[in-house]
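So the chains spell out like this:
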Amino acid sequence: MARADEPAARPAPRKPRAHVATPPAASAAATADELVPPAMRIAAAWSWRILVVAAVVALVGFVIVQLRLVAIPFFVALLLAALLVPFSNWLQRHGWPKWLAVAVNELAVIAVVAGLITVVVIQVRSGFPDLQKQTLAKYEELKDFLLASPLHLTETDIENYFDGLVTSISEDTSALVEQGFDLASLGGHILAGTLLALFVTLFILIDGRGIWNWVVKVFPMRARPAIIGAGEAGWLTLSTFVRVQIFVAAIDAVGIGLGAFILGLFYGGFPLVIPIAIAVFLASFIPVVGAVVSGGLAVFVALVYLGPVPALIMLGIVILVQQLEGHVLQPLLVGAAVKVHPVAVVLAVATGGFVAGIPGALFAVPLVAVLNVMIGYIGRGEWRTNPHPSVADVTSPIVVPRRRREG
């Protein structure tokens, strides 16, 4: 123990640290990173990731377009299965054997499709010759009106304008319908695609869960819980979308078909009412665009058979039905089912139609809806707390806006 008058011991001096030379390359890289603003570094990090994602999406889209003869029947089978699986499960819960429930669902699809095709073919075969004759007569009346009008058009001018219009319509239609199909073999493609769609639908009804579990095994073990939950969320979204879209399509078909029938009662007959209603029903599965095009067909038939005034009335009926769909059914029902903004729906339909024609426009909205739910489910980490989502987790409640009370 030191005495009080002794000076305190000084600490030993520290040895100087050895200087570690920084490699010139690392120093230059650090200097370059410091010269780049943080916003630019963040933008660059986002940019290359976006480019990678875009490249993957483009590659998948290219493969699907190249394999469209298989992809289209497969997507049709998914839509059919999304509609039929809940009904098959309901039958099994009420004591039906699985084989009988599956057989009833598959036979019901075949019966409904065959019935619709039969009705359309019979109605069109009986009414098409008269429609062709009436169309030519209306064309002659229109030509006489234009020749006598102050526009000073000649018959050659009118024929040139009409030929150009027909050529433009045929080119646009072929661009939408053909998409690489040879018209000579289109019937064989349709038959093969129908059989493939029914085959895939049958196996999804029999063992859809087993098929999905087999797909999940492709992913790493740690990612499987998230993939399973996301798949269930996407399937619930697809099932809800199909049911809601069938209801919306039925409303469109009944509204326009009933309007055409009533219009025919007042103006002495409106042919092809049933084919027009069926066309509206099938076309309404392409949101926004389908019902407009099929409604235009109803207006054309009214113009050819009944004249301009009934055609204007038919146009008013089509617009009224479209307003009901656009302002009531789509926001309340479809919007709640798919959680996709109407602008995104329109852009998806336009992009799908541009890339893959009518099939692309048909499958664009359900594809966007399913991807939106699956990506959101994984991104929010819901698979940790909610491994098996329900319908309430993937749909929004239907909210009817109320007027605010004044005062």
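Sequence order as written defines residue numbering, which begins from 1 separately in each chain. Only residues with pLDDT of at least 70 are given local features in this predicted model, and only at 80 or more are side-chain atom pairs given and counted; all residues enter the totals for whole chains, interfaces and linings. Here the side-chain values reflect all heavy atoms present in the structure, with hydrogen atoms and water set aside.

What is the right way to read the overall build of the protein chain from this model?
Working definition: helices are DSSP H or I runs of at least four residues, strands are E runs of at least two. Numbering for both runs from the N terminus. The number of helices and strands found in the protein chain is 13 helices and zero strands. In the protein chain, the order of α-helices and β-strands from amino to carboxyl end is α-α-α-α-α-α-α-α-α-α-α-α-α.

Help me understand the nonpolar core in this model?
Generally speaking, soluble globular proteins have nonpolar side chains that are buried together. If you look at the biggest cluster of nonpolar residues, it comprises 22 residues, and the most contacted ones within it are Ile256, Phe270, Ile276, Tyr305 and Met314. Breaking this core down by element, the ones donating at least two residues are α7 (224-267), α8 (273-283), α9 (290-305) and α10 (308-338). Counting residues per element, this core draws most heavily on α9, which supplies six residues. A contact between two residues is defined here by any heavy atoms of the two lying within 4.5 Å. Beyond its immediate stretch of four places on either side in the chain, Ile256 contacts Ile276, Val280, Gly295, Ala298, Met314, Val318 and Val321. By size, the runner-up hydrophobic cluster in this structure holds 14 residues, among which are Leu79, Leu238, Ile286 and Val345. Working definition of a nonpolar core: buried Ala, Val, Leu, Ile, Met, Phe, Trp, Tyr and Cys residues. They are joined through side-chain atoms within 4.5 Å. The cut-offs for exposure are 20% and 50% of the maximum accessible area for each residue type, with area from a 1.4 Å probe on protein chains only; residues under the lower value are buried, those over the upper are exposed, and the others partly exposed.

Before we go on, may I ask you to explain the pattern of salt bridges in this structure?
A side chain with one charge can pair with a side chain of the opposite charge if their charged atoms come near. Throughout this description, the term salt bridge denotes a Lys or Arg side-chain nitrogen within 4 Å of a carboxyl oxygen of Asp or Glu. On inspection of all chains with the given rule, the structure shows two salt bridges. The salt bridge partner of Arg209 is Glu232, with a shortest N-O separation of 3.2 Å. Of the two residues, Arg209 sits in helix α6 (residues 186-216) while Glu232 sits in helix α7, which places them 23 residues apart along the sequence. Overall, Arg209 belongs to the partly exposed group, its relative accessible area being 49%. We note a salt bridge from Glu382 to Arg380, for which the minimum N-O separation is 2.6 Å. With relative accessibility at 56%, the residue Arg380 sits in the exposed group.

Please explain the packing of α7 against helix α11 (residues 342-379) as it appears in this structure.
One way to put it is that α7 packs onto α11 with a least axis distance of 8 Å and a crossing angle of 145°. Crossing hand, α7 versus α11: right-handed. Contacts between α7 and α11 pair Ala226, Ile227, Gly229, Ala230, Gly231, Ala233, Gly234, Thr237, Leu238 and Phe241 from the former with Val365, Pro366, Ala369, Val370, Val373, Met374, Tyr377 and Ile378 from the latter. By residue class, the composition of the contact of α7 with α11 is 14 nonpolar, four polar and no charged. Every angle, taken between N-to-C directions, lies between 0 and 180 degrees, and every axis is a line fitted to C-alpha atoms, over only the stretch in contact when it is a helix. Each crossing gets its hand from how the near helix is turned against the far one by less than a right angle, where anticlockwise is left-handed and clockwise is right-handed. Each residue is assigned to one of three groups, with Ala, Val, Leu, Ile, Met, Phe, Trp, Tyr, Cys and Pro labelled nonpolar, Asp, Glu, Lys and Arg labelled charged, and all others, Gly among them, labelled polar.

How should the packing of helix α2 (residues 38-66) against helix α3 (residues 68-93) be read in this particular structure?
Relative orientation of the contacting elements α2 and α3 amounts to 95°, with a least axis distance of 5 Å. Regarding the angle of α2 to α3, the classification is roughly perpendicular. Mapping the contact onto sequence places Ile64, Val65 and Gln66 in α2 and Arg68, Ala71 and Phe75 in α3. Within the contact of α2 with α3, the residues separate by chemical class into four nonpolar, one polar and one charged. Note that the term roughly parallel is reserved for angles under 35 degrees, roughly antiparallel for angles over 145, roughly perpendicular for angles of 65 to 115, and oblique for everything else.

Could you clarify how one ought to interpret the packing of aromatic side chains in this entry?
When two rings of Phe, Tyr or Trp (its six-membered ring) have centres within 6.5 Å they constitute a pair, described as stacked for plane angles under 30 degrees, edge-to-face for angles over 60, and tilted for the intermediate range. Summed over all chains, the structure comprises four aromatic pairs. Where Phe75 meets Phe363, the ring centres are 5.4 Å apart and the plane angle is 55°; that geometry is what we call tilted. On the criterion of sequence distance, the pair formed by Phe75 in helix α3 and Phe363 in helix α11 is long-range, its members being 288 residues apart. Overall, the relative accessible area of 25% leaves Phe75 in the partly exposed class. An aromatic cluster of at least three residues, connected via ring pairs, comprises Phe74, Phe75 and Phe363.

What is the right way to look at a nonpolar patch on the surface in this model?
Residues with no salt bridge and a relative accessible area higher than 30% make up the patches, which join like charges within 9 Å and nonpolar side chains (Val, Leu, Ile, Met, Phe, Trp, Tyr) within 5 Å. Method for areas: the Shrake-Rupley scheme with a 1.4 Å probe, in which residue coverage is limited to the protein chains shown. A contiguous nonpolar patch, built from Val254, Leu258, Phe261, Ile262, Leu265, Phe266, Tyr267, Val309 and Ile313 and spanning about 910 Å² of accessible area, is present on the exposed surface. Within the residue set of the nonpolar patch, elements represented by two or more residues are α7 and α10. One can find Val254 in helix α7.

Explanation requested: the side chain of Glu106 in the structure shown.
Here Glu106 is to be found in helix α4 (residues 98-148). Sequence-distant contacts of Glu106, that is, excluding residues within four places in its chain, are made with Leu198, Thr201, Leu202 and Leu205.

Looking at this structure, how should I read the confidence of the model for the protein chain?
Low pLDDT marks stretches whose predicted atomic positions should not be read closely. For every residue, the predictor states its confidence as a pLDDT score lying anywhere from 0 to 100. Residues at a pLDDT of 70 or more form 78% of the protein chain, whose mean pLDDT is 78. Per-element confidence in the protein chain is highest for α3, whose mean pLDDT is 89, and lowest for helix α1 (residues 24-35), whose mean pLDDT is 59. Across residues 175-181, where pLDDT falls below 50, the model places 16 contacts with residues more than four positions away in sequence or in other chains.

Quick question: what am I supposed to make of the environment of Leu371 here?
Tracing the backbone through its elements, the reader meets Leu371 in helix α11. Leu371 sits in the partly exposed class, given a relative accessible area of 42%. Separated by 140 residues in sequence, Leu371 and Gly231 place their C-alpha atoms 9.7 Å apart.

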